Amino acid sequence: MAKVNAGILATGHSYPKGILTNADLEKMVETSDEWITSRTGIKQRRKAAPGEYTSLFAVQAAREAIERARIDPSEIDLLICATVTPDQILPSTGCLVQAELGANNAAAFDIAAACSGFLYGLSMANGLIRTGQARCALVIGAEVLTKYVDYTDRSTCVIFGDGAGAAILGPVDGERGILASRIKSDGRFAEHLYAPGGGTRLGSTAETIARGEHYFKMKGNELFKVAVRSMTDISREVLEQAGKSADEVDLFIPHQANQRITDAVANKLEVDSSRIYSNISMHGNTSSASIPIALDECVEAGRVKEGDLILMASFGGGVTWGGVLVRW
Ligand code: UT7
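1. Details of the pattern of salt bridges
Two side chains carrying opposite charge are able to pair once their charged atoms lie near each other.
Okay, so step 1: Taken as a whole, this structure holds ten salt bridges when the rule is applied.
Okay, so step 2: A salt bridge links Glu64 to Arg68, with the shortest nitrogen-to-oxygen separation between them at 3.6 Å. Remark: Arg68 and Glu64 occur in helix α3 (residues 54-69); sequence separation between them is four residues, near one turn of the helix.
Okay, so step 3: Here Arg182 makes a salt bridge to Glu237, at a shortest N to O gap of 2.6 Å.

2. Describing the packing of α3 against helix α4 (residues 93-101)
Okay, so step 1: Taken N-terminus to C-terminus, the directions of α3 and α4 make an angle of 50°; their axes are 10 Å apart at the nearest point. Here α3 lies oblique to α4, going by the angle between them. When you trace α3 past α4, the crossing you get is right-handed. Between α3, through Thr54, Ser55, Ala58, Val59, Ala62, Arg63 and Ile66, and α4, the contact on the second element is made entirely by Thr93, Val97, Glu100 and Leu101.
Okay, so step 2: Taken together, the residues of the contact of α3 with α4 break down into six nonpolar, three polar and two charged.

3. A few points about helix α9 (residues 259-269)
Okay, so step 1: Residues Ile261, Thr262, Val265, Ala266 and Leu269 constitute the buried set of α9. Here the buried residues of α9 occupy an arc of 125° about the axis, which is enough to place them on one side.
Okay, so step 2: Its buried side turned inward, α9 meets α8 (220-241), β11 (251-254) and β12 (309-316).
Okay, so step 3: For α9, the N-terminal cap is Asn258; the gap from its side-chain oxygen to the backbone nitrogen of Arg260 is 2.8 Å.
Okay, so step 4: Once α9 ends, the next one or two residues include Glu270, with phi positive near 60°.

4. Re unusual backbone geometry
Okay, so step 1: Pro91 follows Leu90 through a cis peptide bond whose omega is -5°.
Okay, so step 2: With respect to the helices, strands and loops of the structure, Pro91 is situated in the loop between β4 (78-82) and α4.
Okay, so step 3: Backbone torsion omega between Gly318 and Val319 reads -5°, so that peptide bond is classified as cis.
Okay, so step 4: Tracing the sequence through the fold places Val319 in the loop between β12 and β13 (320-327).
Okay, so step 5: If you check the backbone angles, Arg70 has positive phi at about 55° while not being a glycine.
Okay, so step 6: As for its placement among the helices and strands, Arg70 is situated in the loop between α3 and β4.
Okay, so step 7: A positive phi is found at Ala114, a non-glycine position, where the angle reads about 50°.
Okay, so step 8: Structurally, Ala114 can be placed in the loop between β5 (107-111) and α5 (117-130).

About the cut-offs
Residues numbered from 1 in each chain as written. Predicted model: local features only at pLDDT ≥ 70, side-chain atom pairs only at ≥ 80, totals over all residues. Heavy atoms only, no water. Salt bridge = Lys/Arg side-chain N within 4 Å of Asp/Glu carboxyl O. Helix = DSSP H or I, 4+ residues; strand = E, 2+ residues; numbered from the N terminus. Axes fitted to C-alpha atoms, helices over the stretch in contact; angles between N-to-C directions. Parallel < 35°, antiparallel > 145°, perpendicular 65-115°, else oblique. Left-handed = near helix turned anticlockwise from the far one by under 90°. Contact = heavy atoms within 4.5 Å. Nonpolar A, V, L, I, M, F, W, Y, C, P; charged D, E, K, R; others polar. Buried < 20%, exposed > 50% of the residue type's maximum accessible area, 1.4 Å probe, protein only. Arc of directions from axis to C-beta. Polar contact = N/O pair within 3.5 Å; in protein donor to acceptor, adjacent residues only side chain to side chain.

The following block contains the structure:
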């Protein structure tokens, strides 16, 4: 039987209209545009309004991808929604998106792998498509992180933004599509980025909420070092798995966590700036949505051509990390 890979057939993205600029943040916490720009590369981020929630953006991004793939939602047999900011605890945001889209023949579920969620989703879709267990997969990364951000904590509130990105995947011949993928995690670093409250351990009581335990806590400086090392190593691993070198990569789309992380990884991999995509100045860190939003922006801008070799690498809370290499 001929070798089959999962190919990315179409993409889409969406984000809130609301914009939070560095100047806005200067009025909220002790920070400056100069500090945020030089330490992170971020100039603005999107922020959901009070009535806006994760599945809203997930559905918009998915509809765009479905339309561009020219498929009917009923053809989707696998729907993976990567998110750490679900609409609600039960059911999964994936199931809520499924209902909204009318993707009634899909198995729908969520993945909670933080910023690596989209690459975790691509890896799973690739495995299920390659083994014939799925034929048409919708993989979404969607977050409304700003509802879990403490806007009195300057070490986290300047970083995060909201949005969603989506991809439709289907079988393609073994020379194209996902050539290699690798996902990893290390729970020993769980408290480097976490929200202690809101679950079965501490619950959501008046006390936990008053103490702000439902908000994200982050050891940014320690994450930084692990992020650079993990994203570099996993990029090398997927390149080696596919028998490719970094020289051959046409486009590197890293998780948009911090411009200095992107620069450090690209420097170690020796990928020059003309081959790196960065949108962190406009979106900040949107966790699982960052890579699919960036990928779709590249597609829309004509930066992705048939036959291009695209390397994606991520790192996030958990900690989790992943790498996916695609021949477009
Ligand atoms: O998405 C994947 C998971 N997340 C990450 O990968 C995040 C990785 N980490 C980072 O991006 C960076 O560590 C941050 C942007 C979060 C922080 O940058 P940093 O260069 O690591 O700063 P730092 O935490 O070492 O803090 C340096 C100084 C401190 O002041 P002192 O102690 O030197 O006086 C902080 O209090 O900067 C201060 N600081 C700020 N100053 C102005 C921290 N946040 C701010 C701020 N504005 N927003």
